[in-house]
Structure formats: C-alpha cells, structure tokens
Amino acid sequence: MTSRKIKIGLQLFILSSSLIFIREGKEKRMSFLLVALVLTGTLVITIPTFKRVKIVRNDMSCLSIIIPARNEERNLTFLLQSLQLRNADFEVIVVDDNSTDNTERVAKAFGVKVVQPGALPAGWLGKSWACWNGAREAKGSVLLFLDADITVENDGIEKVFFYYQQQGGVLSVHPYHLVKRPYEMFSALFHYVTFASIGAFHPFKNWKSPSVGFGQCLLCSAASYFQSGGHEGIKKEVVENMALVEKMNKQGEFITCMSGQGALSMRMYPNGMKSLIRGWSKSFASGAGKTEAIYLFLVSLWLTSMINYILFLPTLWNQHAGLAISSYVCYVSLLFNSLRKIGSFTFFSLCLFPIHVLFFLGLFVWSFVQTAVRKQVKWKERSISIEEEKKKKVIK
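Below you will find a few notes about this structure. Predicted, not measured: the structure shown is a model, and the values here were computed from it. (Residues numbered from 1 in each chain as written. Predicted model: local features only at pLDDT ≥ 70, side-chain atom pairs only at ≥ 80, totals over all residues. Heavy atoms only, no water.)

**Points about the environment of threonine 304**
Structurally, threonine 304 can be placed in helix H12 (residues 293-319). Within the structure, the side chain of threonine 304 is placed 2.8 Å from the backbone oxygen of serine 300, a separation counted as a polar contact. (Helix = DSSP H or I, 4+ residues; strand = E, 2+ residues; numbered from the N terminus. Polar contact = N/O pair within 3.5 Å; in protein donor to acceptor, adjacent residues only side chain to side chain.)

In structure tokens:
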C-alpha cells in the first residue's frame, strides 16, 4: 500500500470515528467543541499578505514570467492587460498548451513570446508539460510561474519580486480569491483546509519551513528549478505544485508561502458550480497524499471536531442556549478572521459554515472515489488516468 493511500485512509478513519464519539456522552462532545475552537484559532492564524509591502523599484530584466495556458483566451486577456506590458522590463512567455480557442492569437496581440510545446507526450500531465517547455525557453535567472486566471493588481509583480529578493528560496503565493457569485462561497472551506495543510500559517511556523506550497504563483531561481529536475521530475503528478515545492525543499530551498492580497487576485471556477466541483475534485484527495502526516492529522481532527459540534448543536441549544450562541459566533469569527485574507468571503456566508462542512465532506468523498477508486479525473477537456502506485498517464 502506498504512503498516499495510508494517509488518505488515516484521514477517512478519523472522520468516521466521529460517529463513535457521538455515542460517548456529553463530556466527549464538549471536548470536541473545545478542540475545534482551539484548532480553528491556530491552524490558519498568521497569513502574510502584500498589503503593506513597500517596494523599491529596480531592474527586473532577470525575471521571466511563464504562463501555461490551455483555452484561456478570456482569462489571458485580463492577465496580460494587468501586467502593464508597455513599461515592463521583464520577459513574458505564454505556453499555448494545445488550445482549441484563440489563446495563441490573444497572446500574440499583446506582443509576448508564445511557445508551442507540441503534442502532450505519454506520461506527462498538461500543466507540467507547459511549464517545463516555458522554463526551457526562458532567458531570465528568476522564474515566475503564473496561472492564466490571475489578475495582477497595481505594482503587484513589483511587490512579489521585491519580496522574493528579500527572502530568497522559493516564494509560493495563493492569489486573493475574488468571490462574485453565491456558489463561489463554497470554496471557502477548501481554501481553509489547503492553507492549514501546508503548515505555514500557525503560530509555530518559524520552527520549520513548509515542504509544500501553492501552484498558482511560484517564484524561484532558474538554477534551483533545473537542479531539482523542474516539472520534468514531477511530470506525472496531479498536484504538481506540491510535488515541485517538495522536491525543492528537499534540496535545501527555504519555502515562503503567502496570500496574494494586495498583489495578485483571481476568479476561481467562474463557470458555475460544475466547474467548481470538477476543479476541487481534481486535486483534493490527491493533495492529501502530499500533506505531512502531522498536518493531515490536525486537519482531520479539526474536521472531526467540527462534525461533532454541528451534530451536537441542537442538543447544546436545548440545554445551554447561551453557550450554543457564543460558540457559534466564535467559530464564525475565527473562520472569517482567516478567510478574509484568502478571499472576499463574507461574514454572513460563513454563518452557514455547517453547510460548508457538509459540502466539503461530500466533495472530498467524491474526489477520493475519482482518484483512488475510479483512478480518473477530468480537467481542461482532458481525462487524467491515475494508476496504482502513482503511475499516471494522460488519455488524450
């Protein structure tokens, strides 16, 4: 049995154990209430952003921005406009990953370099193939991998590059999620669990560098990238960002993770609930296999505690209405305090967090079925076949 299956099995075991504790009496359920409050207040509590980052304008000619794009004509227009290319001194490369729309035409209209990587080879996943070919064409000594659905705020690239110069190592940024439609609020708990699983935002984060990171925006030196094997070394990984950062961490690179608030933003799955379900299903159960055991355990314990609290809430309301109200307000406030730095999630939407928890669990189980049982997920009009023992190939 692979380590991934062991970790996923551990998580499912802990979640299912909640049903046992429910039968253990009120004292057990009250202890889960306290555990949930403590973990909610510590797992994701110190999130650095770019809101207060002051920049010193300097030469950025050493920077190459690599944008993998498959059928991204609309998103790419917004991204390239936001980069303000007229005054830019950095290189921009758009890798057209066999798009069937006008992605290439849009990129050329902005005067950026367009790379055609060719047909997807056996054993590769699309985004890794695009990133690898873009990196090989880049002239800069610093590489910035940027997803096509990102929008750069004023001085956003300057802020990210300046911060990277101060920190070194690898800078991994999660763009600020601009929520515009009600169904997008269901991404809140997925973001929270993602941030918690990385292990970079708790009070003791300075004790240890995180070993995984975000994939939407990744900044590193070209030398470190190629020394790690780059995307070629993780070409079969569904969650390529976690795999790449993990490899770079093993070779001694310090990993810094941040929220993009104040520099980079995005719309996530704007094409309806179906796109949201497919997007999170693609990576979530697979991502559990890349999470360090300690954070997987803590996140699982947090989820188990939240489930117990939700199921215990009607009883708590009947017996101690004041405690039920105060604990509920505490949960919502703690979640909002973290999630407001991750996306434009409203306090009101988080008042419905029991629904968020149930939706998260349902989609996680579906993701697990897709990746571990059916061994197939679909994304960007490609079916990704996930074989046992981490052997994956793409069925074009």
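**So, the environment of isoleucine 294**
Among the secondary structure elements, isoleucine 294 is positioned in helix H12. Accessibility expressed as a relative area gives 46% for isoleucine 294, which makes it partly exposed. Distance from isoleucine 294 to glycine 199, taken between C-alpha atoms, is 9.1 Å for residues 95 residues apart in sequence. (Buried < 20%, exposed > 50% of the residue type's maximum accessible area, 1.4 Å probe, protein only.)

**A closer look at the sheet that holds strand S9 (residues 255-259)**
Ordered in space as S3-S2-S1-S4-S8-S6-S9, the 7 strands form an open sheet in which the pairing is mixed. Lying at the two open borders of the sheet, with one neighbouring strand each, are strand S3 (113-115) and S9. Each strand axis lies, on average, 20 degrees off the axis of its neighbour in the sheet, ignoring direction. Sheet analysis places strand S2 (residues 91-96) next to S3, joined by 3 bridges and oriented parallel. Within S3, the residue paired with isoleucine 93 across the bridge is lysine 113. Contacting strand S1 (63-69), S2 and strand S4 (142-146), helix H4 (residues 73-82) crosses the sheet at an angle of about 165 degrees to S1. Where helix H6 (residues 126-137) meets the sheet, it contacts S1, S2, S3 and S4, and its direction lies at approximately 150 degrees from that of S1. (Pairing = 2+ DSSP bridges. Axes fitted to C-alpha atoms, helices over the stretch in contact; angles between N-to-C directions. Contact = heavy atoms within 4.5 Å.)

**Let's talk about a nonpolar patch on the surface**
Together, Trp317, Ile325 and Val329 line one region of the surface with nonpolar side chains, adding up to about 300 Å² of accessible area. In this fold, tryptophan 317 is placed in helix H12. Residue class for tryptophan 317 comes out partly exposed when judged on its relative accessible area of 48%. (Patch = residues over 30% accessible without salt bridge, like charges linked within 9 Å, V, L, I, M, F, W, Y side chains within 5 Å. Areas by Shrake-Rupley, 256 points an atom, 1.4 Å probe, with all protein chains shown as cover. Salt bridge = Lys/Arg side-chain N within 4 Å of Asp/Glu carboxyl O.)

**Section: the pairing of S1**
Of all 7 residues in S1, 7 are buried, a share of seventy percent or more. With 4 bridges connecting them, S1 and S4 associate as parallel partners. Across the sheet, residue isoleucine 65 finds its bridge partner in S4, namely leucine 144. For S1 and S2, the ladder comprises 6 bridges, and the chain directions are parallel. Pairing of isoleucine 65 across the sheet is with valine 92, part of S2.

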